[in-house]
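Structural description and commentary
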Amino acid sequence: MTDRWTLTDADGLQIQVLRYGASWVSCRVPLANEAPREVLLGFDDLASQRRNRGYVGATVGRWANRIAGLELRRGGQAWPLASEPGLTHQLHGGPGGFHQRDWTLLEHSEHQLRLGLHSPDGDQGFPGALDVEVRYSLPGHGAVQIDFHARLQGAQACPVGLTNHAYFQLDGRGRGEQTAGEGGLRWQDVRTQTLQLGASQALPLDGSGLPAGAPAPVSGGALDYRTARLIGQPLDQAFVLDGGDMPAARLQSVDGRVALDLYTSLPALQVYTGHYLAPCTQGCHPQWPDFSAVALEPQYLPDSPHHPEWPQPDCWLEPGQVWVHRNRYQFRSR
C-alpha cells in the first residue's frame, strides 16, 4: 500500500503528501539558476512522522485549535471531549485525531490527490458522523491548493473546523550548518523572516492559548502585522482576518529568494512560531529545533463553538449540511 504521493506542476513545483494524517510534508520550490528549495518541515522516515507531537504537515480535526472545559456545550446539552492527559481543553481533536489516522486514497493524478476519512458518531466526543475529503492540487504558476469537504450525518449539529498544520521555512530546510552536540543542525530562526497579515483584530489569549476576552484591535501594538515586518517574537496567536482580496498572510525568506501568499476562505488564522518544536520532535529524524519554522493555520478562533457572538460565521454544521473551505498557497521565487 502506498504511504506517500508526489504531485508536480509544469513549472517544477513539487509536493509530497502522506496517507498518515493526510500530511503535507514536502514542498520544493523552483529557483532561478539553482536547485529547488525545500520549504516545509518534514522527516526522514514514516516512523518519525507517527512519533512527532507537533502535528507536522497534518490535517487536523474535527476541530483545529482549542475547545475549553473538556466538553462541548450547546442548547442545554453537553458532550465530553477526548483530550490529552493533563490538559483542561481539547487541542486539534485530541488523541487519535484526524492527524493520527491513515486516510483512504480516493483519487490520484499528476496534479491532484484526494483523500477521505470517515469519523463515526461520538468520535473524539463529537456528535454525528462526519465524512471528510481533503484534495491537494497544483493549479500551476507556483500555487498549492487544499480543498476541504465534510458532510455531517445524524440528528445533532456539530462544530467542524479542519485545517492543515504545515510548518514553513522559506530559507530552506537543510540549509543550516552542521553543529556538534544536542542541537544537531542549526536552522534559520523563523523570527528573522518577514510577515504581513490581513488582520485588524486579534483574540486575547491566556497562558493555555484559550480566549481571555473578545477580539480586540491590533493597531499600534505588538500584534500589528498589517504592514510587513520581521516576525521578531514568539507567536502562538489567533488573528481575525479582514477578508477581501488581500492575502491572509504574506511570508518572505531572509534572503529574499522565496515568498508565500496565503489565501483562505476561513475567518481566522493561528500563527505559531514553533517554540516547542524541539520537545515535540524528540526522537524523530531529524529533531527540529525550536523556532525553525512557522505554522500558518487558517481556521476559526479558538473555542468558537462556545462564542457565537464573535465576528465570524457560525462554526456549527447542521445535519445534512456540507462544510467546504479552501486554502491556497501562492509561492513566488527568483
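Preceding this paragraph is the structure being described.
Residues numbered from 1 in each chain as written. Predicted model: local features only at pLDDT ≥ 70, side-chain atom pairs only at ≥ 80, totals over all residues. Heavy atoms only, no water.

Some words on the sheet that holds strand β3 (residues 23-31)
Strand order in the open sheet formed by four strands is β1-β2-β3-β4, and the pairing between neighbours is antiparallel. Both edges of this open sheet fall to β1 (4-8) and β4 (34-38), since each of them pairs with a single strand only. With strand direction ignored, the average angle separating the axes of adjacent strands in the sheet is 20 degrees. Across five bridges, strand β2 (residues 14-18) lies against β3 in antiparallel orientation. Within β3, the residue paired with Gln16 across the bridge is Ser26. (Pairing = 2+ DSSP bridges. Helix = DSSP H or I, 4+ residues; strand = E, 2+ residues; numbered from the N terminus. Axes fitted to C-alpha atoms, helices over the stretch in contact; angles between N-to-C directions.)

Considerations on the pairing of strand β11 (residues 112-119)
Within β11, six of the eight residues are buried, leaving the element largely enclosed by the surrounding structure. For strand β10 (residues 104-108) and β11, the ladder comprises four bridges, and the chain directions are antiparallel. For Glu107, the partnering residue across the bridge sits in β11 and is Arg114. Two elements, β11 and strand β12 (residues 129-140), share eight bridges in a ladder whose sense is antiparallel. Each bridged residue has a counterpart across the sheet, and for Gln112 the counterpart in β12 is Ser137. (Buried < 20%, exposed > 50% of the residue type's maximum accessible area, 1.4 Å probe, protein only.)

A short note on the environment of Gln49
Structurally, Gln49 is set in helix α1 (residues 46-51). Considering only alpha carbons, one finds Gln49 and Glu133, 84 residues apart in sequence, at a separation of 21 Å. Every residue in contact with Gln49, bar those within four places of it in the chain, is listed here: Leu18, Tyr20, Ser23, Val25, Phe43 and Val56. (Contact = heavy atoms within 4.5 Å.)

Section: the sheet that holds strand β23 (residues 236-240)
The six strands are arranged β16-β27-β26-β23-β20-β21 in an open sheet whose pairing can be described as antiparallel. Since the sheet does not close on itself, it has two edges, and those belong to β16 (167-168) and β21 (216-217), each with one partner. In the sheet, strand β20 (residues 201-202) pairs with β21 via two bridges, with the strands oriented antiparallel. Considered in β21, the bridge of Gln201 is made with Pro217.

Remarks on the pairing of β12
Pairing geometry for β12 and strand β13 (residues 143-153), over ten bridges, is antiparallel. Along β13, the bridge assignment pairs Val132 with Ala150.

Section: the packing of aromatic side chains
For the structure on display, the rule yields eight aromatic pairs. Considering the side-chain rings of Phe98 and Trp103, the 6.2 Å spacing of their centres and the 85 degrees angle between planes classify their relative orientation as edge-to-face. Taking relative accessible area as the criterion, Phe98 reaches 0% and is therefore assigned buried. Measuring from centroid to centroid gives 6.2 Å for Tyr167 and Tyr272, while their planes differ by 65 degrees, and the two rings are edge-to-face. A residue pair is termed long-range when its members are at least 10 positions apart, and Tyr167 in strand β16 and Tyr272 in strand β26 (residues 268-272) qualify at 105 residues. Judged by its relative accessible area of 1%, Tyr167 is buried. The buried category is assigned to Tyr272, whose relative accessible area is 9%. (Phe/Tyr/Trp six-rings, centres within 6.5 Å; stacked < 30°, edge-to-face > 60°.)

Looking at the nonpolar core
Note that soluble globular proteins tend to have their nonpolar side chains buried in a common cluster. With 69 residues, the main nonpolar core has Trp24, Cys27, Phe168 and Phe331 as its most contacted residues. Grouped together as the second largest cluster of nonpolar side chains are eleven residues, Leu41, Tyr167, Leu277 and Ala295 included. (Core = buried A, V, L, I, M, F, W, Y, C linked by side-chain atoms within 4.5 Å.)

Considering the environment of Pro313
When you line up the elements, Pro313 lands in the loop between β27 (294-299) and β28 (316-317). Put simply, Pro313 and Pro215 are 98 residues apart on the chain and 14 Å apart in space, counted from C-alpha to C-alpha. Residues within four places of Pro313 in sequence aside, it is in contact with Pro267 and Tyr300.

These values are about where atoms sit, not about what they do.
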